[in-house]
Amino acid sequence: MRGGVLVTVAALLVAGCGQGAAQSAKDEPVSPASEEGAVEPVATPGDRASGGEAASAPKVTSVACAQDEQELFACTAGSKRIAVCGVTDAQGRKTAQYRFGSSDKVELVLDGGRFANTAYSGGGESQIQFANGDVRYIVYSRTIRTGFDEDGNKPEFTDGVWVVRGDENLADRQCTGEVVSVDVMAGDAYGGVGKDVYYGLD
């Protein structure tokens, strides 16, 4: 993640925006409230699960980012939509906001995402992580080299969100279409970009 490698990774990730290959997802992405063993309540729109500002925060009515919000990540995952939008909180501070739901219902809203980025040989990964009690939602965009041909590097793009509690993966919702990959270049405006990314557990 140093020097030219970071620039190369950033360029690959930017080039991969909107090109996330369609992945086969589980039959239906599940919300934490319906997952077996899940005990953490789902934050309702406007609850600001990580900020505790429900009374003063405007109610979120759409998963999609509004025109005055920065789109930091977005995709469809089965019948659901996932988005991370750059918003301004009640104190005038910029924060990343995770949204999950359907086209007509917002099911989960979380504030305060933390950005991370790392380089791989021939690719890299960018993430934005959100906390909801002891459950973490880790939005990711990954580029890996799958081999070489006469045209050079053969990249594979994967985007989605891990839902994790402790050392247990509750879900890996992979994007199935309409992908806007993680905008890691915007991370400095939202608290900076760390080096440590989360690796999915077996």
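Below, the structure is looked at part by part. (Residues numbered from 1 in each chain as written. Predicted model: local features only at pLDDT ≥ 70, side-chain atom pairs only at ≥ 80, totals over all residues. Heavy atoms only, no water.)

## Some words on the overall build of the chain
Stage number 1. Helix and strand counts for the chain stand at 1 helix and 11 strands.
Stage number 2. Of the contacts made within the chain by residues no fewer than 6 positions apart, 57% connect residues no fewer than 24 positions apart.
Stage number 3. Carbon and sulfur atoms make up 49% of the accessible area of the chain, which amounts to about 9900 Å² in all. (Helix = DSSP H or I, 4+ residues; strand = E, 2+ residues; numbered from the N terminus. Contact = heavy atoms within 4.5 Å. Areas by Shrake-Rupley, 256 points an atom, 1.4 Å probe, with all protein chains shown as cover.)

## Comments concerning the environment of F157
Stage number 1. Turning to its location among the elements, F157 is positioned in strand β8 (residues 152–165).
Stage number 2. A residue is classified by how much of its surface remains accessible, and F157, at 13% relative accessible area, is buried.
Stage number 3. Separated by 14 residues in sequence, F157 and T143 have C-alpha atoms that sit 4.7 Å apart. (Buried < 20%, exposed > 50% of the residue type's maximum accessible area, 1.4 Å probe, protein only.)

## Quick word on the pattern of salt bridges
Stage number 1. What the rule picks out here adds up to 5 salt bridges.
Stage number 2. We note a salt bridge from E107 to K80, for which the minimum N-O separation is 2.5 Å. Residue E107 is found in strand β4 (residues 105–111), and its partner K80 is found in strand β2 (residues 80–88); the two are separated by 27 residues along the sequence.
Stage number 3. Its relative accessible area of 14% is what places K80 among the buried residues.
Stage number 4. Linking E178 and R81 is a salt bridge whose minimum nitrogen-to-oxygen distance equals 3.8 Å. Here the residue E178 occupies a position in strand β10 (residues 177–180), and R81 occupies one in strand β2, the gap between them amounting to 97 residues.
Stage number 5. Taking relative accessible area as the criterion, R81 reaches 21% and is therefore assigned partly exposed. (Salt bridge = Lys/Arg side-chain N within 4 Å of Asp/Glu carboxyl O.)

## Comments concerning the state of the cysteines
Stage number 1. This structure, assessed with the given rule, holds 2 disulfides.
Stage number 2. In this model, C65 is linked to C85 through a disulfide, with the two sulfur atoms separated by 2.0 Å. Looking along the S-S bond of the C65-C85 disulfide, the torsion reads about -95°, which is the left-handed sense. Remark: C85 occurs in strand β2 and C65 occurs in the loop between α1 (3–15) and β1 (70–77); sequence separation between them is 20 residues. Of the two residues examined, C65 and C85, each falls in the buried class. (Disulfide = S-S within 2.5 Å.)

Honestly, it's all geometry; don't read function into it.
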